[in-house]
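# Structural overview
Now for the letters of each chain:
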Amino acid sequence: MTNAGRFNNKIAIVTGGASGIGYAIVQRLIKEGAKVVAADLNKDSLENMQKELGSNFLGLEIDVTKEDQVEKLVELTVEQFGGLNYSFNVAGASRPGQIVELSETDWNFTVDLCLKGVFLCIKHQARQMKKQGAGAIVNVASLNAHVPMYAGAAYSSAKAGVEMLTKNAALELARENIRVNALLPGLVESPLTAPLVENKEIKDAYLERIPLGRAAQPDDMTGPALFLASDDAAYVSGASLLVDGAWAVSGYPDLSRWY
Ligand SMILES: NC(=O)c1ccc[n+]([C@@H]2O[C@H](COP(=O)([O-])OP(=O)(O)OC[C@H]3O[C@@H](n4cnc5c(N)ncnc54)[C@H](O)[C@@H]3O)[C@@H](O)[C@H]2O)c1
């Protein structure tokens, strides 16, 4: 269900917008009237989206772990559409491994992408929003901000960091009229989780713990994400919204038997 016209003439950045949850957020924002810039490394998907979505969309090949590129992302957004009202910081991935085996390189990959990337995005997005006197930022963390995952130390730690970074940003930016919130998805079927959910045994282990009895689709994330950005959430900042089919109340599956 869309809320036609809710974001008419508003301008949004979506990092990780070329796949999964970010892609679904881009599609819904456009349907609700926004002009959207997707920042991603997946050039092919961005090019296809450009053809499909036309002049209200701009796809930019950007690495969110590089400050000069994030700064450029905001500059090009303002140049193309005239400002920045909302940001959805979605880009993320994980290189799993048990702590005793995890290399420094893999730790850095996951933490730089999931945590430093969100810091760099908030920094440059909020600078622009300050100039405009208002804005709203939604950072995608994870249920793993609250619940550890076997072989997921880097990812869970980074996502817990995103949740605290969100609260800190909400504190610092409130007087600038910028709201900052976190979305914490549970299990969402996307290219990121395909290796897990394509293994029936692993998928069943997850589903046993998800009271709503199914994995989410990327579209299940768009309503809550857009709500946090919208005026309906005008008094919501520094919050964490779990969107997990009640999984947090039933505990995480024991994945150790697959290692
Ligand atoms: N899928 C899930 O079950 C799930 C659950 C909780 C949280 N999340 C989080 O949601 C977010 C989106 O996940 P998804 O499932 O849609 O994954 P996805 O793999 O479908 O999409 C992630 C996108 O991020 C992009 N990306 C990766 N590194 C980048 C970089 N350095 N700069 C710019 N873009 C980059 C990828 O190219 C990809 O398009 C991630 O932060 C993920 O941690 C996902």
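To be clear, the structure that these remarks concern was listed above.
Predicted model, so just to flag it, every value in this text is computed and none were measured.

Rules used throughout
- Residues numbered from 1 in each chain as written.
- Predicted model: local features only at pLDDT ≥ 70, side-chain atom pairs only at ≥ 80, totals over all residues.
- Heavy atoms only, no water.
- Near = heavy atom within 4 Å.
- Polar contact = N/O pair within 3.5 Å; in protein donor to acceptor, adjacent residues only side chain to side chain.
- Areas by Shrake-Rupley, 256 points an atom, 1.4 Å probe, with all protein chains shown as cover.
- Helix = DSSP H or I, 4+ residues; strand = E, 2+ residues; numbered from the N terminus.
- Nonpolar A, V, L, I, M, F, W, Y, C, P; charged D, E, K, R; others polar.
- Expected span 1.5 Å × (residues − 1).
- Buried < 20%, exposed > 50% of the residue type's maximum accessible area, 1.4 Å probe, protein only.
- Salt bridge = Lys/Arg side-chain N within 4 Å of Asp/Glu carboxyl O.

As a structural note, the neighbourhood of the ligand is formed by 26 residues, with S19, D40, Y155, V188 and S190 the closest of them. Within the side chain of D63, an N or O atom sits 2.9 Å from a nitrogen atom of the ligand. One nitrogen or oxygen atom from the main chain of G186 is found 3.3 Å from an oxygen atom belonging to the ligand. If the ligand stood free it would expose 830 Å²; the protein chains cover 91% of that surface. For the shell around the ligand, the elements supplying multiple residues, two or more each, are α1 (20-31) and α5 (153-173). Of the residues assigned to the shell around the ligand, the class counts are 15 nonpolar, eight polar and three charged.

The next subject is α1. Look at α1: 17 Å from first C-alpha to last across twelve residues, which is about the 16 Å you get at 1.5 Å a residue. Extensive coverage of α1 is indicated by the burial of ten of its twelve residues. Taken residue by residue, α1 has G20, I21, G22, A24, I25, V26, Q27, R28, L29 and I30 as its buried positions. A positive backbone phi angle near 105 degrees is found at G33, which sits one or two residues after α1.

The next subject is the pattern of salt bridges. On inspection of all chains with the given rule, the structure shows ten salt bridges. We note a salt bridge from D204 to K200, for which the minimum N-O separation is 2.6 Å. Here D204 and its partner K200 are both found in helix α7 (residues 200-209), four residues apart, which amounts to about one turn of the helix. The partly exposed category is assigned to D204, whose relative accessible area is 31%. Residue classification places K200 among the exposed positions, given a relative accessible area of 59%. Beyond isolated ion pairs, a larger network of salt bridges with shared partners links R6, R28 and E32.

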